[in-house]
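Read off the chains here:
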Amino acid sequence: MVQLVGSLRKELADSLSTCKVLVVGAGGIGCELLKNLVLTGFKNIEVIDLDTIDVSNLNRQFLFQKKHVGKSKAQVAKESALQFCPSANITAYHDSVMNPDYNVEFFRKFMLVMNALDNRAARNHVNRMCLAADIPLIESGTAGYLGQVTVIKKGMTECYECQPKPTQKTFPGCTIRNTPSEPIHCIVWAKYLFNQLFGEEDADQEVSPDTADPEAAWNPEETAARATASEKDGDIKRISTKEWARSTGYDPIKLFNKLFKDDIMYLLTMDKLWKKRKAPTPLDWQQLENSVRPQEETPGLGLKDQQVLGVWGYCKLFQHSVETLRSQLQEKGEGAELVWDKDDPPAMDFVTAAANLRMHIFSMNMKSRFDVKSMAGNIIPAIATTNAVIAGLIVLEGLKILSGELESCRTIFLNKCPNLRKKLLVPCVLDPPSANCYVCTSKPEVTVKLNVHKTMVLSLQDRILKERFGMVAPDVQIEDGKGTILISSEEGETEANNSKFLSDFGIRNGSRLQADDFLQDYTLLVNVLHTEELERDVEFEVVGEAPDKAPPPQTNQEEVNSITNGNKDSAQPSTSSKAPPQDDDIMIVDSDEEEGVSSSSAAAVSSSSKRKHSDTETGETSTKRARTEQSSSAAASADNDDDDIIALD
């Protein structure tokens with residue numbers, strides 16, 4: 001007769017009380033997960049999170065209360081979880097998991113790692129650390145009502161990076177407010193600004209510099225102190241952005257100088273942010289007005305929506321749109337609010353102008369009104385219930401792993417609407433590792449198409465190796481027979497190379513570069529393919545992701561669109577193949593026959609697109625059959641509302 005301890009077999013219960021597990025992230029999913037772990041019987045838990053608690057977290061991260069605002073998420077989550085089980089041994093780290101202190105040996109201490117992260121860079125890093133340590137990883141994510149859990153085990157399953165991921169659609173607040181690096185960051189900021197000034201204010205949509213940005217202070221005590229200080233009024237009465245704007249009469253020039261001069265100058269005082277980034281350049285209305293040239297005010301050729309104006313052109317558009325929106329508010333009366341609509345010209349003008357001015361400040365190429373409109377979509381709210389369901393599924397998959405039943409683990413999708421079998425949860429068989437993966441194959445190798453005469457060493461390091469291929473601190477050697485060191489992770493060793501072009505080092509068509517990240521225990525061989533025919537604003541392409549390299553669609557299966565999941569970055573851990581133009585509509589995979597459906601069956605078939613500074617994803621249907629809910633059904637119709645989603649937690 002099987003002996004039980006609670007609802008678990010005694011052997012499994014004993015295993016839970018002795019095994020050590022790592023939880024990465026103590027936010028929406030992480031809070032639910034910690035509570036579940038201690039109530040299930042896990043006794044030795046370590047949790048790591050760099051973030052501090054914000055008032056906007058309190059509606060869903062239930063381990064936190066108002067008195068905790070400004071404190072370390074990891075530390076408070078530990079203290080709250082211990083109230084459920086005082087005998088548990090929980091260690092909290094208020095730090096970044098990408099800190100070199102958390103090396104491969106650190107990860108080898110654990111029997112299991114569980115991700116509850118909010119950004120792709122950290123997900124990629126933990127994926128590589130678990131592969132290097134040969135430790136099972138449970139990956140998870142949520143976006144609105146959608147969620148996903150999958151298991152990653154070296155040599156048995158796809159890793160997190162085996163398949164391309166969709167363009168990131170969710171971003172940490174400190175990225176939006178302090179360190180934007182892509183146009184979409186500036187567009188999201190501008191939409192937030194519209195609501196802060198003219199619409200319904202939301203604590204989740206603050207636009208002022210984030211003084212509690214953990215990256216600005218690596219000392220945990222300094223970070224917590226700064227966050228706490230930012231929440232205290234002291235002798236200064238803090239007022240909202242809208243109240244301040246009203247006090248100025250919505251004066252567009254005063255608004256301009258606050259947003260694009262004063263706030264930027266304040267960001268520059270957070271000097272740690274700019275040690276490895278190009279610092280922003282503040283704008284001053286008076287200086288711009290005095291230096292404007294007559295030709296800058298002359299309209300360009302072509303369709304108005306497709307023109308990219310100069311800086312002064314966007315200044316004037318900002319001024320005109322603020323004046324128009326101010327008039328609309330006055331017409332509506334006291335206490336009125338405007339609702340942002342991409343089809344409302346003044347609202348769209350405001351977001352276009354504000355976003356482009358911020359792009360210019362942070363050294364990005366500005367975008368046309370048409371481009372901005374196509375990128376500015378709907379915002380999905382974070383749903384506490386989704387986090388709770390996904391956290392429960394993480395624990396269930398963890399119990400299978402600790403029972404030695406890894407083969408019974410599944411990728412599980414949580415859908416927005418029931419499928420034809422009236423089920424919200426759809427389990428799929430885990431896919432094997434991809435033979436073309438540039439991370440988990442025995443000899444990772446990629447071919448990158450770029451212009452060696454225009455690509456700088458710094459761009460190779462930041463845009464290609466760090467952003468595209470997820471390295472943290474790469475060392476790069478040219479395979480030229482001399483072992484020339486192009487990039488060193490040791491500070492100061494090769495900084496003089498940063499502003500030089502690749503061609504200056506003899507790199508040409510066919511050159512090979514060896515990139516090593518010793519923290520991740522990861523080596524990548526990069527084959528350089530020189531070209532002078534890249535599209536405008538395209539810095540490079542990874543060969544195999546371009547449309548002409550995409551495999552033909554399967555003809556014997558129904559097509560289904562990608563289920564986009566992922567807490568704050570809509571990432572799908574291991575569910576699909578090549579890359580699509582877009583993944584607007586969400587279709588529901590109809591299957592509860594675990595052995596008959598692979599996780600790749602849940603993805604879409606479509607042509608891939610050239611990479612413009614970010615990846616996109618589509619899935620290719622598996623050779624196994626997957627039933628899909630027809631687009632004419634009510635459930636699929638409801639999902640059509642999710643076009644152009646930007647999901648922000």
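No experiment lies behind these values; they were computed from the predicted model shown. (Residues numbered from 1 in each chain as written. Predicted model: local features only at pLDDT ≥ 70, side-chain atom pairs only at ≥ 80, totals over all residues. Heavy atoms only, no water.)

With that settled, consider the overall build of the protein. Scanning the protein for helices and strands turns up 17 helices and 20 strands. For the protein, buried positions account for 56% of its 649 residues. For the protein, the exposed area adds up to about 28,300 Å²; of that, 49% sits on carbon and sulfur atoms. (Helix = DSSP H or I, 4+ residues; strand = E, 2+ residues; numbered from the N terminus. Buried < 20%, exposed > 50% of the residue type's maximum accessible area, 1.4 Å probe, protein only. Areas by Shrake-Rupley, 256 points an atom, 1.4 Å probe, with all protein chains shown as cover.)

Before going further, it helps to examine unusual backbone geometry. The backbone of Tyr250 sits at a positive phi, close to 55°, despite the residue not being glycine. Take Tyr250: it is sitting in the loop between helix H9 (241-247) and helix H10 (252-268). By relative accessible area, which is 6% here, Tyr250 ends up buried. Although it is not a glycine, Lys422 adopts a positive phi angle of roughly 65°. Structurally, Lys422 can be placed in the loop between strand S10 (410-414) and strand S11 (425-429). Judged by its relative accessible area of 73%, Lys422 falls in the exposed class.

The next subject is the sheet that holds strand S17 (residues 541-542). The mixed open sheet is built from 6 strands, whose spatial order is S14-S13-S15-S16-S12-S17. At either margin of the open sheet sits one strand with a lone partner, and together these are strand S14 (484-487) and S17. Examined bridge by bridge, strand S12 (residues 445-450) and S17 share 2 bridges and lie antiparallel to one another. Among the inter-strand pairings, Lys449 is bridged to a residue of S17, identified as Glu541. In this fold helix H16 (residues 457-468) packs onto S12, strand S13 (475-478), S14, strand S15 (512-517), strand S16 (522-530) and S17, with an angle of close to 70° to the strand it touches most, S14. (Pairing = 2+ DSSP bridges. Contact = heavy atoms within 4.5 Å. Axes fitted to C-alpha atoms, helices over the stretch in contact; angles between N-to-C directions.)

Relative orientation of the contacting elements helix H2 (residues 28-40) and helix H15 (residues 384-402) amounts to 45°, with a least axis distance of 8 Å. Compared by their axis directions, H2 and H15 come out oblique. Note on packing geometry: the crossing formed by H2 with H15 is right-handed. Counted together, Gly28, Ile29, Glu32, Leu33, Asn36, Leu37 and Thr40 of H2 and Ala384, Asn387, Ala388, Ile390, Ala391, Gly392, Ile394, Val395 and Leu399 of H15 form the full contact between these two elements. Residues of the contact of H2 with H15, tallied by class, amount to 10 nonpolar, 5 polar and 1 charged. (Parallel < 35°, antiparallel > 145°, perpendicular 65-115°, else oblique. Left-handed = near helix turned anticlockwise from the far one by under 90°. Nonpolar A, V, L, I, M, F, W, Y, C, P; charged D, E, K, R; others polar.)

Per the stated rule, a full pass over the model turns up 18 aromatic pairs. A ring pair is formed by Phe194 and Phe198, whose centres lie 5.6 Å apart and whose planes are at 50°; its orientation type is tilted. Taken as a pair, Phe194 and Phe198 lie in helix H7 (residues 183-198) at a separation of 4 residues, close to a single helical turn. By relative accessible area, which is 0% here, Phe194 ends up buried. Relative to Phe362, the ring of Trp274 lies with its centre 6.4 Å away and its plane at 45°, an arrangement referred to as tilted. (Phe/Tyr/Trp six-rings, centres within 6.5 Å; stacked < 30°, edge-to-face > 60°.)

This part is about helix H13 (residues 345-361). Helix length check: H13, at 17 residues, gives a terminal C-alpha distance of 24 Å against a target of 24 Å (1.5 Å per residue), a fit within 8%. Once H13 finishes, Ser363 follows within two positions and takes phi at roughly 60°, a positive value. (Expected span 1.5 Å × (residues − 1).)

Attention shifts here to a nonpolar patch on the surface. A contiguous nonpolar patch, built from Leu39, Phe62 and Phe84 and spanning about 290 Å² of accessible area, is present on the exposed surface. Mapped onto the secondary structure, Leu39 falls in helix H2. (Patch = residues over 30% accessible without salt bridge, like charges linked within 9 Å, V, L, I, M, F, W, Y side chains within 5 Å. Salt bridge = Lys/Arg side-chain N within 4 Å of Asp/Glu carboxyl O.)

Another aspect to go through is H15. When the terminal C-alpha atoms of H15 are compared, their 27 Å separation across 19 residues agrees well with the 27 Å that a helix rising 1.5 Å per residue should span. One or two residues past the end of H15 sits Gly404, with phi positive at roughly 75°.

A word on the pattern of salt bridges. Evaluated as defined, the whole model comprises 19 salt bridges. Arg463 is paired through a salt bridge with Glu467; the nearest N and O atoms lie 2.8 Å apart. Linking Arg463 with Glu467, this pair stays in helix H16, spanning 4 residues, or about one helical turn. By relative accessible area, which is 15% here, Arg463 ends up buried. Ionic contacts of the salt-bridge type, sharing partners, join the residues Lys20, Glu46 and Lys109 into one network.

If you look at the biggest cluster of nonpolar residues, it comprises 55 residues, and the most contacted ones within it are Trp189, Phe198, Phe256, Phe260, Phe318, Phe350 and Leu357. Breaking this core down by element, the ones donating at least two residues are H7, H10, helix H11 (285-291), helix H12 (311-332) and H13. Top contributing element to this core by residue count: H7, with 11 residues. Non-local contacts of Phe198, meaning those with residues more than four positions away in its chain, are made with Lys242, Tyr250, Leu325, Arg326, Leu329, Glu337, Leu338 and Phe350. Core analysis: the next-biggest nonpolar cluster, separate from the first, contains 53 residues, Phe106, Val439, Val448 and Val457 among them. (Core = buried A, V, L, I, M, F, W, Y, C linked by side-chain atoms within 4.5 Å.)

Attention now goes to the environment of Cys31. Secondary-structure assignment places Cys31 in helix H2. Here Cys31 falls in the buried class, since its relative accessible area comes to 0%. For the pair Cys31 and Asn387, spaced 356 residues apart in sequence, the C-alpha to C-alpha distance is 8.9 Å. In this structure Cys31 touches Ala26, Gln61, Phe62, Leu63 and Phe64, once residues within four positions along its chain are discounted.

For Arg508, the location among the structural elements is in the loop between S14 and S15. Arg508 gets classed as exposed once you look at its relative accessible area, which sits at 58%. A sequence separation of 57 residues divides Arg508 from Asn451, and the C-alpha atoms of the two residues are 8.9 Å apart. Contacts of Arg508, omitting those with residues within four sequence positions, involve Val452 and Val528.

To continue, consider the sheet that holds strand S8 (residues 146-152). Reading across the sheet, the 8 strands line up as S5-S4-S3-S6-S7-S8-S10-S11 and stay open at both edges, with mixed pairing between neighbours. Whereas interior strands pair on both sides, the edge strands pair on one side only; in this sheet they are strand S5 (89-93) and S11. Neighbour-to-neighbour, the strand axes of this sheet turn through a mean angle of 15°, independent of strand direction. For strand S3 (residues 20-24) and strand S4 (residues 44-48), the ladder comprises 5 bridges, and the chain directions are parallel. The residue of S4 that forms the bridge with Val23 is Val47. Of the strands in this sheet, S4 and S5 touch helix H3 (residues 73-82), which is tilted by about 165° from S5.

One face of the sheet, then the other: side chains in a regular strand alternate in exactly this way. Summarising the sheet, S4 and S5 pair through 5 bridges and their orientation is parallel. When the bridges of S5 are listed, Ile48 appears paired with Tyr93. After leaving S4, the chain enters H3 and then returns to the sheet as S5, a path that is right-handed. (Right-handed = clockwise from strand over helix to strand, strands pointing away.)

The next thing to look at is the packing of H7 against H13. At their nearest, the axes of H7 and H13 sit 8 Å apart, and the two run at 130° to each other. With respect to each other, H7 and H13 are oriented oblique. Read as a crossing pair, H7 and H13 show a hand that is right-handed. Touching Pro183, Cys186, Ile187, Trp189, Ala190, Lys191, Leu193, Phe194, Leu197 and Phe198 of H7 are Ala347, Phe350, Val351, Ala354, Ala355, Arg358 and Met359, all from H13. Here the contact of H7 with H13 is built from residues that sort into 15 nonpolar, no polar and 2 charged.

Functional significance is not addressed by these values, which are geometric in nature.
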